[in-house]
Amino acid sequence: MCSQYSRVLSLLLLTAAAACNRGAGGAPASGPAGGGRGAAAVGVVTLQEKPVEISSDFISTVRSLNSTTVQPQVEGRVTKVFVKSGDVVRAGSPIVQIDPEKQQATLQNTESQRAARVADVTYWKGQVERLQTLLKAGAISQNEFDTAQHNLDAAQAQMAALDAQVQEGRVQLQYFRLTAPTAGIIGDMPIREGDRVTTSTVITTIDDKAGLEAYIQVPVDQAPELRVGLQTQILDAEGKVVASNPISFIAPRVDPSTQTVLAKALLKDSPPTVRVQQFVKLRVIWRSISGLTIPVTAVSRINGQYFCFVAEQGPNGLVAKQKPIQVGQVKGNDYIVTSGLKTGDKLIVTGIQKIADGAPVKPE
């Protein structure tokens, strides 16, 4: 009796539940279509064309137009270093002193030889003058006078040669004090007192930040687009533009080892933090076009194909339509759209995770 009553009660409950799930006239109930209560709230923007810069980013090297490598012209031991890395020097400022003792001794020896030749010239000048008087009086032969004149000429020639050696020695002595050939900032100074240097030793470099250039290696497939005057932009670590300069030079030939073409931009505008031999991120602006851009967050990629959602008018309101698109470069936080969208399309930019193709949506 109890079990039969339980079966009847269960049947009645199921019947009541089915009745609740039916609409008027016994038809199954359904949620509102289009932009009604069941529509997902999404962010929508209307696409409009705007100027878009077509560009490429490169890693560029900063170099100085007035960069000088300092090397000695003599060999020897360094006895004094006058500067340190980072010092600002003027042209002619002393940098290092090389031990000049050997050269000084050589110069003194040459000067003593010259003094002996001066005495010889003085003696033979007196002899020639005396013998010339005797020759006129007929007291000596022409041969005797010619011999004295020859000795005078030889002594004068030897003294002239020694004069040249003394002058050379004095100039050579100046090389033992190495001075700055130009004004600028001292680079690395690996040389210490007591080190021995030769003519191939690099003492330091001197750079003048007043003439900096950015060296850009452009691949050959992009080289046809290069031209003098193209604008370049130096970017900081966050991608923000910190300086702009035009291209000032394009190499006439390709580097065979890298298959790139060298372009240079004279940095008349440069941030104060830029240093010689520094790598900087540099953008070359090829051209400006009118185009569409969409946020990167509004794009999904499936099996290599890019998609986005647009809000289109359906029979009962707005619905989400998934569209395949083609995109180009990333500009900041946006893609440049090359195909698949047009001006006036209502792009869904937020709430994408809540919708699917054909789902009803309503703008927030």
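Let us look at the structure shown here. (Residues numbered from 1 in each chain as written. Predicted model: local features only at pLDDT ≥ 70, side-chain atom pairs only at ≥ 80, totals over all residues. Heavy atoms only, no water.)

## Let's talk about the sheet that holds strand S7 (residues 177–179)
Link 1 in the chain: In spatial order, the strands read S7-S6-S4-S9; together these 4 strands make up an open sheet with antiparallel pairing. Of all the strands in the sheet, just S7 and strand S9 (196–197) have a single pairing partner and so form its edges.
Link 2 in the chain: The sheet contact formed by strand S6 (residues 94–98) and S7 spans 3 bridges and is antiparallel. Of the residues in S7, the one forming a bridge with Pro 94 is Thr 179. (Pairing = 2+ DSSP bridges. Helix = DSSP H or I, 4+ residues; strand = E, 2+ residues; numbered from the N terminus.)

## Brief notes about the nonpolar core
Link 1 in the chain: By size, the foremost hydrophobic cluster in this structure holds 28 residues, and its most contacted members are Leu 226, Val 284 and Trp 286.
Link 2 in the chain: At the level of elements, strand S2 (50–64), strand S11 (212–219), strand S13 (241–250), strand S14 (260–266) and strand S15 (279–295) are the ones that each hand at least two residues to this core.
Link 3 in the chain: If one sorts the elements of this core by residue count, S11 sits on top with 5 residues.
Link 4 in the chain: Excluding residues that lie within four positions of it along the chain, Trp 286 makes contacts with Ile 54, Ser 55, Ser 56, Phe 58, Val 218, Gln 222, Glu 225, Leu 226, Arg 227 and Leu 230. (Core = buried A, V, L, I, M, F, W, Y, C linked by side-chain atoms within 4.5 Å. Buried < 20%, exposed > 50% of the residue type's maximum accessible area, 1.4 Å probe, protein only. Contact = heavy atoms within 4.5 Å.)

## Overview of the environment of Ala 39
Link 1 in the chain: You can see Ala 39 is positioned in the loop between helix H1 (2–20) and strand S1 (40–46).
Link 2 in the chain: The buried category is assigned to Ala 39, whose relative accessible area is 7%.
Link 3 in the chain: With 321 residues separating them in the primary sequence, Ala 39 and Pro 360 have C-alpha atoms 4.6 Å apart.

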